Structures are given as C-alpha cells and as structure tokens.
Amino acid sequence: SAVGDTIASVAVPFAIIALGGGAADIGLVLGARAVPLVLFLLVGGVWADRLPRRTVMIASDVVRAACQAAFAAVLIAGVGGVPAIVAITFVYGAAEAFFRPALSGIVPQSVSPGRLQEAYGLIAITPAVGMMFGGILGGTAVALISPAGAIAIDAATFVLAAILLAGARFRAVATAEPGGSFLRDLRDGWNA
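The structure contained in this document is the topic of the report that follows. Keep in mind that what you see is a predicted model, and the values were worked out from it rather than measured.

## Examining the overall build of the protein chain
Helices and strands together make up the secondary structure of the protein chain, namely seven helices and zero strands. Taken from the N to the C terminus, the helices and strands of the protein chain come in the order α-α-α-α-α-α-α. For 192 residues, the compact-globule estimate of 2.2 N^0.38 gives 16 Å, and the C-alpha radius of gyration of the protein chain, at 18 Å, lies within 12% of that figure. Taking contacts inside the protein chain between residues at least 6 apart in sequence as the whole, the part at least 24 apart equals 84%. Just so you have it, the protein chain exposes about 10,100 Å², and 72% of that area is on carbon and sulfur atoms. On the protein chain, the mean spot of the 11 positive side-chain charges and the mean spot of the 10 negative ones are 7 Å from each other.

## A look at the environment of Trp190
Looking at the element boundaries, Trp190 is found in helix α7 (residues 182-191). Overall, Trp190 belongs to the exposed group, its relative accessible area being 67%. With 139 residues separating them in the primary sequence, Trp190 and Leu51 have C-alpha atoms 19 Å apart.

## Digging into the packing of aromatic side chains
Considering all chains together, one arrives at two aromatic pairs under this definition. Ring centres 6.4 Å apart and planes at 85 degrees place the aromatic pair Phe40 and Phe90 in the edge-to-face group. Of this pair, Phe40 sits in helix α2 (residues 23-50) while Phe90 sits in helix α4 (residues 81-110), and the two are 50 residues apart along the sequence. The partly exposed category is assigned to Phe90, whose relative accessible area is 32%. Here the aromatic rings of Tyr92 and Phe158 are separated by 5.8 Å at their centres, their planes lie at 70 degrees, and the arrangement is edge-to-face. In this pair, Tyr92 sits in helix α4 while Phe158 sits in helix α6 (residues 147-167), placing the two residues 66 residues apart along the sequence. Like Phe158, Tyr92 is buried. The ring of Tyr92 carries the charged tip of Arg64 above its face, separated from the ring centre by 6.0 Å. Against the face of Phe99 rests Arg64, its NZ or CZ located 4.4 Å from the ring centre.

## Points about the layout of surface pockets
Considered as a void within the structure, the largest pocket measures approximately 1,100 Å³ in volume. In this structure, the largest pocket is lined by 35 residues; those nearest its centre are Ser1, Ala2, Phe99, Leu103 and Thr126. Of all the secondary-structure elements, those providing two or more residues to the lining of the largest pocket are α1 (2-18), α3 (53-77), α4, α5 (116-144) and α6. Grouping the amino acids of the lining of the largest pocket by side-chain chemistry returns 21 nonpolar, eight polar and six charged.

## Quick notes on the pattern of salt bridges
Oppositely charged side chains can pair when the atoms bearing their charge come close. One pass over the structure, following the stated rule, counts six salt bridges. A salt bridge links Arg53 to Asp49, with the nearest nitrogen and oxygen atoms 3.1 Å apart. Shared partners join several salt bridges into a network, and the residues in it are Asp5, Arg33, Glu96 and Arg100.

## Points about the environment of Thr140
When you line up the elements, Thr140 lands in helix α5. Each C-alpha atom, one on Thr140 and one on Ala150, is 8.7 Å from the other, the two residues being ten residues apart in sequence.

## Quick word on α5
A rise of 1.5 Å per residue sets the reference length of α5, with its 29 residues, at 42 Å; its end C-alpha atoms lie 41 Å apart and thus fit the reference within 8%. Most pronounced at Thr126, the bend in α5 amounts to some 30 degrees, and the proline Pro127 follows within four residues.

## A closer look at empty space enclosed by the protein
In total, this model carries one cavity of 30 Å³ or more according to the counting rule given. Put simply, the largest cavity is a space of about 140 Å³. Taken together, the elements giving at least two residues each to the lining of the largest cavity come down to α1, α2, α3 and α4. Of all the elements, α1 adds the most residues to the lining of the largest cavity, at four residues. Taken together, the residues that form the lining of the largest cavity break down as six nonpolar, three polar and three charged.

So, how was this worked out
Residues numbered from 1 in each chain as written. Predicted model: local features only at pLDDT ≥ 70, side-chain atom pairs only at ≥ 80, totals over all residues. Heavy atoms only, no water. Helix = DSSP H or I, 4+ residues; strand = E, 2+ residues; numbered from the N terminus. Rg over C-alpha atoms; globule rule 2.2 N^0.38 Å. Contact = heavy atoms within 4.5 Å. Areas by Shrake-Rupley, 256 points an atom, 1.4 Å probe, with all protein chains shown as cover. Lys, Arg positive; Asp, Glu negative; His and termini not counted. Charge placed at Lys NZ, Arg CZ, Asp CG, Glu CD. Buried < 20%, exposed > 50% of the residue type's maximum accessible area, 1.4 Å probe, protein only. Phe/Tyr/Trp six-rings, centres within 6.5 Å; stacked < 30°, edge-to-face > 60°. Lys NZ or Arg CZ within 6 Å of the ring centre and 35° of its normal. 1 Å grid on protein atoms, 1.4 Å probe; cavity = no way out; pocket = protein on both sides within 12 Å on 5 of 7 lines; lining within 4 Å. Points joined across faces, edges and corners; volume = space filled by probe spheres on them. Nonpolar A, V, L, I, M, F, W, Y, C, P; charged D, E, K, R; others polar. Salt bridge = Lys/Arg side-chain N within 4 Å of Asp/Glu carboxyl O. Expected span 1.5 Å × (residues − 1). Bend = angle between axes of the 7 residues up to and from the residue.

And the structure:
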C-alpha cells in the first residue's frame, strides 16, 4: 500500500484540477488527510494497545480501501466535487491514524528480538521505495487510465494489504487491561 499511496498522491492534484479546482483545493484535500492523522494518532495508539493489532490494521486497510474507492467513484460520477473528496480524505486520514501505531506495535510480534533493528530499518525505507515505484506508476496510471483509475489502484492495494495481513501470523502479546482508563492511557501517550 506504500506504492499505492504514492500513486494516489500523484493522482490527487490531477483529479482536483479535472474537477475544476485549483491550488487551494489541492491543499485543502491534502490537509484533510493530515489533520485527522494528527488529531487521532494518540487515540489510534490507545486502541492499538487494547485490541489485537492485526485487527486494527486490517480494519484500517478496509476503511482506506473504501475511501479510495469512494474517491474514485466521485471522480467517475462527477458528483460531490471537492467537498466530498475532503470528507472522504478526512476519514482516510483518521483510519491511517489507527494503522500507524498498530504497525509500530506489531513489529515485535513478527520478528525475534534480535532482528527488531533490521525490521524497523526495513519499515523505515518502505516509504522511500513506495515513492520511487509509486511515482513512476502514478504518473503512468494518470496518463494511461485517469486520475480516478490511479486512485482505484490505491484502493486495490489496501484490499491486497488486508488479505495479506489476514494470512500473516504474529506472536500473541498482552494488550492493555480492558478495565483501564482510556483517558489515562491517552494522557500517558501524550506525555510519552
């Protein structure tokens, strides 16, 4: 999905321009993804500590797939325009806010303690690899298909990611106590 995210990032400006929007609209759509990420990242972290992380990640991937499919549908149908895309992108950003802490927390469940540094290193370079291939594929998809088609490809990458996560095996770990205070956990996350 890192490749798919970059494909979509290339397509978004073209999609907004195709709808008749301008630079301010592009900025609004990009901000609509970033704001919920900042607002909900700590909340996502608390839930990732309370629920099975794989479940949180799969749910996030499903929501983001649905968001990108809805984004593509808005473009294809030509209804809703920039306001609909801003709303869809806001939900996408909120789902991403739950995925990121779950990903960080699931790494120790997937590799031995001696390989954690390698695993985190691999995760750190994944966005750069995604940008490299996604940029090429995004430009190609926009040129050969359409911005909507490129964004639909991103939706498909999230479906694939959810399927792969569903089949992955992780070591079980203790989650936060169900009776613990959500607000206390949120405060502890903020302090950290």
